[in-house]
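The chain contents come next:
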Amino acid sequence: MLSLLCRTLHPPPPLAMAARVLPRALHSAHASAMAFSANSHFLTLPLPTVAHVSFAKSSSIFGRKFHNGLSCTGDRKWSVGGWYGKVFASQRDYRKFRKRPLKKRDKEKELELSVKICIEEQLPDDPEILDIAEMLRLNVPMAMKLAFDNLKDSEYQTRDRVINDVGCFETVELSVLLCNDEFIRELNKDWRDEDHPTDVLSMSQHIPELELPILMLGDIVISVETAARQAEERGHSLLDEIRILLVHGLLHLLGFDHELSDEAEAEMEKEEEILLKSLGWKGKGLIQSAYDAEDADSRPLENIDRKKEGSLRFYRPKFSYIFCDMDGTLLNSKSQISSATVEALREATSRGVKVVIATGKTRPAVITLFKSVGLAGKDGIASEVSPGVFVQGLLVYGRQGREISRRNLDLNVCKEAFLYSLEHKVPLIAFSEDRCLTLFHHPLVDSLHTIYNEPKAEIIPSVDQLLARTDIQKVIFLDTVEGVNTTLRPYWAEAIGDNASVVQACPDMLEIVPPGTSKGSGVKILLDHLGVSPKEIMAIGDGENDVEMLELASLGVALSNGSEKAKAAADVIGASNDDNGAADAIYRYAF
């Protein structure tokens, strides 16, 4: 259940990285009251903090790993909000001393809290991240002081009491690192053998048997990407979520562990609530939030406000391209693109992900649909200058919307299909690039235009005239679901032999296409044209005509309303098209 909650790691992993340095000057009312120690970066205050940023490096003393002291060096450059520079680790020197009990610290001497705030270099240069890091310089010492005070009167039965009273120490050190999902994923892989990101990790540096005058509390690593997503889902700001994760991580370092037992979980949950309430910070504790998230799993996507302060802009996209089907995928059962899907597509494109349509539809039909929701045109999803895979991969358009591949249906197969249509009065539509052609008027033929937005079918008076007019990429028979399953599909699967193939995108339509045709082959042609690897793409579909595309992609998502063949070929089965399955897949897997 609590898969995203933090873990305490012993010993700590190395956190060597280039970190961006925060401004030394604190922009707050407390700045004038702060006094720097002559030989350190510490600030001595009732709620002391330190105004420098650092990272950690491993060193070996008595066979154990320690958190190192750090110095700021390197070239500096000025920018809005302060100066930035490279930070390098330097090993703290420990002088030898005789082992003796630590004395109680003089009550008149303030306890020094050395708080080091780090920003991992791969995070974007976003003002909100810098503002949050600056705020943490004030918030972290407040949380530490309150948590230490609570230890004195703690009656918890499950907490590890290795740290019970900080009064015997001269200094307490704590580092907080803001990073991305990939960084925290690597920590999980290296130290927990789990290949996935978490929201927060706690890494204790405290070794009680050394009896040092410095309490090296450890490191709290917070993924801003995961925190941003959780802030979105829980309806509060990114700062609120990071504060919640900070409290959770701090309690782990102080001996609380929700994984020990139900009692331990209840005690840690209670302490989270007490700290957040006492600090006046918004939100529930991480443990309670995780339970609430379980209860909200069935909440409709429309009810999730994607415009909250915690923004998806912190997410690094996992894929360069999303190839997406239309009917039954981006379109709901009313052949409409929902507002939630529109927002998801906009979010993807704003993050630099290129959305490419791979569909059985014609290009004009796709452009019409996206025009209705404001996503057509050069800067939208579909246009005459956008790449795309259309008519089941038989027409592929590359850079600047230029045609790079075309396959036509065998003329003999076309003729047989037209004659069958006339004889059995089963409506049939021939697709010829941007045109739809038919032999007679029928309500089902009209529905292809009125419901599915295909070009209005042109009635051609004879089979010979139809064949003489233009190349045909595919034909579609329109009938009832029963008629397709019991009559049309069995007949044509046998009649066409190796000269063509039958596929279905919709249960009441049977398509006859050139042999070996698939969206997957069209997508592969386009990828080769663009110089893109299948590892860089995610695909979303629902029909058996999507199978090859789903198999080709690094991640294939079949919606739950899809065919059994599509679901068997996919890596993941998502929500249905009427439950905004494509939008949910984009939010869940693309970032």
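Residues numbered from 1 in each chain as written. Predicted model: local features only at pLDDT ≥ 70, side-chain atom pairs only at ≥ 80, totals over all residues. Heavy atoms only, no water.

1. Points about the overall build of the protein
Step number 1: A count of helices and strands for the protein gives 17 helices and 26 strands.
Step number 2: With 591 residues in all, the protein has 55% of them scored as buried.
Step number 3: Taking all contacts inside the protein whose residues are at least 6 apart in sequence as the whole, residues at least 24 apart take part in 68%. (Helix = DSSP H or I, 4+ residues; strand = E, 2+ residues; numbered from the N terminus. Buried < 20%, exposed > 50% of the residue type's maximum accessible area, 1.4 Å probe, protein only. Contact = heavy atoms within 4.5 Å.)

2. Details of empty space enclosed by the protein
Step number 1: Throughout the structure, instances matching the rule amount to four cavities of 30 Å³ or more.
Step number 2: The space that makes up the largest cavity amounts to roughly 160 Å³.
Step number 3: Considering the residues around the largest cavity, the lining is formed by 20 residues, among which Asp327, Gly360, Lys361, Ala505 and Glu511 are closest to the centre.
Step number 4: A breakdown of the residues in the lining of the largest cavity according to their chemical character gives seven nonpolar, four polar and nine charged. (1 Å grid on protein atoms, 1.4 Å probe; cavity = no way out; pocket = protein on both sides within 12 Å on 5 of 7 lines; lining within 4 Å. Points joined across faces, edges and corners; volume = space filled by probe spheres on them. Nonpolar A, V, L, I, M, F, W, Y, C, P; charged D, E, K, R; others polar.)

3. Some points on the side chain of Ser518
Step number 1: Inspection of the secondary structure assignment puts Ser518 in the loop between β23 (509-513) and α14 (519-530).
Step number 2: A distance of 3.3 Å separates a polar side-chain atom of Ser518 from the backbone nitrogen of Gly520.
Step number 3: Not counting residues within four places of it along the chain, the set of residues in contact with Ser518 comprises Gln392, Gly393 and Glu548. (Polar contact = N/O pair within 3.5 Å; in protein donor to acceptor, adjacent residues only side chain to side chain.)

4. Quick word on the sheet that holds strand β20 (residues 458-459)
Step number 1: In spatial order, the strands read β20-β19-β18-β21-β23-β22; together these six strands make up an open sheet with mixed pairing. The open sheet has two edge strands with one neighbour each: β20 and β22 (501-503).
Step number 2: Sitting on the sheet, helix α11 (residues 443-450) is in contact with β18 (428-432), β19 (435-438), β21 (474-478) and β23, with an inclination near 40 degrees to β18.
Step number 3: The strands touched by helix α13 (residues 481-495) are β21, β22 and β23; relative to β23, the strand with the most contacts, the crossing angle is about 10 degrees. (Pairing = 2+ DSSP bridges. Axes fitted to C-alpha atoms, helices over the stretch in contact; angles between N-to-C directions.)

5. So, the packing of aromatic side chains
Step number 1: Tallied over the full model, the rule gives eight aromatic pairs.
Step number 2: Ring plane angle 70 degrees and centroid distance 5.4 Å describe the contact between Tyr420 and Trp492, whose orientation is recorded as edge-to-face. Residue Tyr420 is located in helix α10 (residues 411-424), and its partner Trp492 is located in helix α13; the two are separated by 72 residues in the primary sequence. You'll find Tyr420 and Trp492 in the same group, each marked buried.
Step number 3: Taken together, the ring pairs connect Tyr420, Phe477, Tyr491 and Trp492 into an aromatic cluster.
Step number 4: The ring of Phe431 has Lys474 sitting right over it, with the charged end atom 4.7 Å from the ring centre. (Phe/Tyr/Trp six-rings, centres within 6.5 Å; stacked < 30°, edge-to-face > 60°. Lys NZ or Arg CZ within 6 Å of the ring centre and 35° of its normal.)

6. Looking at helix α2 (residues 181-192)
Step number 1: Its 12 residues give α2 an end-to-end C-alpha distance of 15 Å, which sits within 8% of 16 Å, the value for a rise of 1.5 Å per residue.
Step number 2: Residue Asp193 follows α2 closely and has a positive phi angle near 55 degrees. (Expected span 1.5 Å × (residues − 1).)

7. Brief notes about the pairing of strand β12 (residues 214-223)
Step number 1: Across the 10 residues of β12, nine count as buried, placing the element largely inside the fold.
Step number 2: Bridge count for strand β11 (residues 200-204) against β12 is five bridges, and the pairing is antiparallel. Pairing of Val200 across the sheet is with Ile222, part of β12.

8. Thoughts on helix α17 (residues 581-589)
Step number 1: With seven of its nine residues buried, α17 lies for the most part within the structure.
Step number 2: What α17 keeps buried is the set Gly581, Ala582, Ala583, Asp584, Ala585, Ile586 and Tyr587.
Step number 3: The secondary structure elements touched by the buried residues of α17 are β13 (321-324), α7 (326-330), α8 (339-350), β24 (537-541) and β25 (555-559).

9. Remarks on the packing of helix α1 (residues 127-152) against helix α4 (residues 238-253)
Step number 1: Relative to each other, α1 and α4 sit at 35 degrees, their axes nearing to 10 Å. The chirality of how α1 crosses α4 is right-handed. Of the residues in α4, those touching α1 at Glu128, Ile132, Met135, Leu136, Asn139, Val140, Ala143, Met144 and Ala147 are Leu238, Leu239, Ile242, Arg243, Leu246 and Leu250.
Step number 2: A class-by-class count of the residues in the contact of α1 with α4 yields 12 nonpolar, one polar and two charged. (Left-handed = near helix turned anticlockwise from the far one by under 90°.)

10. What to know about the environment of Thr226
Step number 1: Here Thr226 lies in helix α3 (residues 224-234).
Step number 2: For Thr226 and Pro197, which are 29 residues apart along the polypeptide, the C-alpha to C-alpha distance reads 7.8 Å.
Step number 3: Excluding residues within four positions of it along the chain, Thr226 makes contact with Asp181, Pro197, Thr198 and Asp199.

11. Quick notes on the sheet that holds strand β14 (residues 354-357)
Step number 1: Pairing in this open sheet of five strands is parallel, and the strands run β14-β13-β24-β25-β26 from one edge to the other. The strands lining the two open edges of the sheet, one partner per strand, are β14 and β26 (572-574). Across the sheet, the mean angle from the axis of one strand to that of its neighbour is 25 degrees, orientation sign disregarded.
Step number 2: The pairing of β13 with β14 spans four bridges and is classified as parallel. Residue pairing in the sheet places Tyr321 in a bridge with Lys354 of β14.

12. Things to note about the pattern of salt bridges
Step number 1: What the rule picks out here adds up to 21 salt bridges.
Step number 2: For the salt bridge of Asp325 with Lys519, the shortest nitrogen-to-oxygen distance reads 2.6 Å. Here Asp325 is found in the loop between β13 and α7, whereas its partner Lys519 is found in helix α14, with 194 residues between them in sequence. Lys519 carries the same exposure label as Asp325, and that label is buried.
Step number 3: Here Glu433 makes a salt bridge to Arg406, at a shortest N to O gap of 2.9 Å. Within this pair, whereas Glu433 is found in the loop between β18 and β19, its partner Arg406 is found in strand β17 (residues 403-406), the two being separated by 27 residues in sequence. (Salt bridge = Lys/Arg side-chain N within 4 Å of Asp/Glu carboxyl O.)

13. Some words on the packing of α4 against helix α5 (residues 262-279)
Step number 1: Close contact between α4 and α5 brings their axes to 10 Å; oriented N to C, the two are set at 130 degrees. Between α4 and α5, the angle is such that the two are oblique. As for how α4 packs across α5, the hand of that crossing is right-handed. Listed contacts from α5 to Ile244, Val247, His248, Leu251 and His252 of α4 are Met268, Glu271, Glu272, Leu275, Leu276 and Leu279.
Step number 2: In the contact of α4 with α5, the residues fall into seven nonpolar, two polar and two charged. (Parallel < 35°, antiparallel > 145°, perpendicular 65-115°, else oblique.)

14. Describing the confidence of the model for the protein
Step number 1: Taken over all residues, the pLDDT of the protein has a mean of 78, while the share at 70 or more is 77%.
Step number 2: Counted against residues more than four places away or in other chains, residues 1-102, with its pLDDT under 50, gives 265 contacts.
Step number 3: When the criterion is pLDDT under 50, residues 300-311 qualifies, and its contacts beyond four places in sequence or with other chains add up to 26 contacts. (pLDDT = per-residue confidence, 0-100.)

15. Digging into unusual backbone geometry
Step number 1: One non-glycine residue, Ser335, adopts positive backbone phi at about 60 degrees.
Step number 2: Along the chain, the position of Ser335 falls in the loop between α7 and α8.
Step number 3: Of note in this structure, Glu433 is not a glycine but carries a positive phi near 55 degrees.

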